[in-house]
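Overview (structure and organization)
Spelled out, the chains give:
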Amino acid sequence: MNRITTTALAGLLALTGAAQAAPELQRVRGTIESADAGTVTVKTNEGGTETVQLGGAKVVWVAKSSLDAVKDGVFIGTATKGENPLTALEVVIFPESMRGTGEGHYAWDAITDHTAAGDAKVKSAMTNGTVKAEQAGAPKVKSAMTNGTVAKSGGAGGGAGGERTLTVTYDKEGSKQIVVPPQAPIVAFEPADPAILKPGSKIFVVAAKDGGKLDGKLVAVGKDGLTPPM
């Protein structure tokens, strides 16, 4: 009896230890102050300073793109505000090599709302998934046509001056319909290396906080002076 109890307790302690060992993810936004072979130091938008260990971090450019590039089968991430419908605050197009990154629908932090006057920060959610083709004759297609979205686009990509409704699927069975207003920034991740980490560039980082250290997982740098909108 004591042996069974001891074994069960050991298993519970192992599970508890694994849960405690899982580092929390932290997002850092700001301007690069300095970088070397192993770290990047960021002056955050809040006025503080964070040093991120690069280690095995994925480094990418954040380049300007357009809604025309958001096609059937493309993997995207989009921060949204509101509900019924969700409204995109930005859209990020992932390269095929990063398909599946952060897949799902979950809470995000407050980010700048470029779709409204004043650029205030709003509470947001994040949806990462695959754009699903509109089905001919489905009600959502008719609705999009009524709103002028498809008519203005001249095709599946959407067009300047009009909004578009996307169906984004994730985790095999989940999906969300998301309205993308024309003011929402559309960007794309492009493969890069740490050589792009130059002082003065705008940066977005997802890092694992382990004790007092930040281990970078994703390091995204704005290309041609762009500020990452996510």
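Everything quoted here is computed from the prediction, not taken from an experiment.

Reading guide: rules and limits
- Residues numbered from 1 in each chain as written.
- Predicted model: local features only at pLDDT ≥ 70, side-chain atom pairs only at ≥ 80, totals over all residues.
- Heavy atoms only, no water.
- Salt bridge = Lys/Arg side-chain N within 4 Å of Asp/Glu carboxyl O.
- Helix = DSSP H or I, 4+ residues; strand = E, 2+ residues; numbered from the N terminus.
- Buried < 20%, exposed > 50% of the residue type's maximum accessible area, 1.4 Å probe, protein only.
- Pairing = 2+ DSSP bridges.
- pLDDT = per-residue confidence, 0-100.
- Contact = heavy atoms within 4.5 Å.

1. Overview of the pattern of salt bridges
The tally for this structure, following the rule as stated, stands at 7 salt bridges. A salt bridge links aspartate 109 to arginine 27; the nearest nitrogen and oxygen atoms lie 3.3 Å apart. Within this pair, whereas aspartate 109 is found in the loop between strand E7 (104–107) and strand E8 (111–112), its partner arginine 27 is found in strand E1 (residues 24–35), the two being separated by 82 residues in sequence. By relative accessible area, aspartate 109 is classed as partly exposed at 24%. Residue lysine 223 pairs with glutamate 190 through a salt bridge whose shortest N-O separation is 2.9 Å. Remark: glutamate 190 occurs in strand E13 (residues 186–191) and lysine 223 occurs in the segment after strand E15 (213–222); sequence separation between them is 33 residues. Relative accessible area serves as the criterion here: at 29%, lysine 223 is assigned to the partly exposed category. For glutamate 190, a relative accessible area of 28% corresponds to the partly exposed category.

2. A closer look at the pairing of strand E11 (residues 164–170)
Look at any regular strand and the pattern is simple: side chains alternate between the two faces of the sheet. Most of E11 sits inside the fold, with 5 of its 7 residues counted as buried. Direction of pairing for strand E10 (residues 125–132) relative to E11: antiparallel, over a ladder of 3 bridges. Paired with valine 131 across the two strands is valine 168, which belongs to E11. Summarising the sheet, E11 and strand E12 (residues 174–180) pair through 7 bridges and their orientation is antiparallel. Looking at the pairing, threonine 167 lines up with glutamine 177 of E12. With antiparallel pairing between neighbouring strands as the criterion, E11 and E12 make up a hairpin whose turn holds 3 residues, including aspartate 171 at a positive phi of roughly 45°.

3. A word on unusual backbone geometry
The omega torsion of the bond from asparagine 84 to proline 85 falls at 5°, within 30 degrees of zero and hence cis. With respect to the element layout, proline 85 can be found in the loop between strand E5 (75–81) and strand E6 (86–93). The backbone phi angle of aspartate 119 is positive, close to 50°, even though this residue is not glycine. Along the chain, the position of aspartate 119 falls in the loop between E8 and strand E9 (121–122). The backbone of lysine 172 sits at a positive phi, close to 70°, despite the residue not being glycine.

4. Re the confidence of the model for the chain
The share of residues in the chain with pLDDT of 70 or more is 78%, and the mean pLDDT across the chain is 82. Within the model, the stretch residues 1–20 combines pLDDT values under 50 with 0 contacts to residues more than four positions away or in other chains. Across residues 135–160 the pLDDT falls below 50, and counting only partners more than four positions away or on other chains, this stretch makes 28 contacts in the model.

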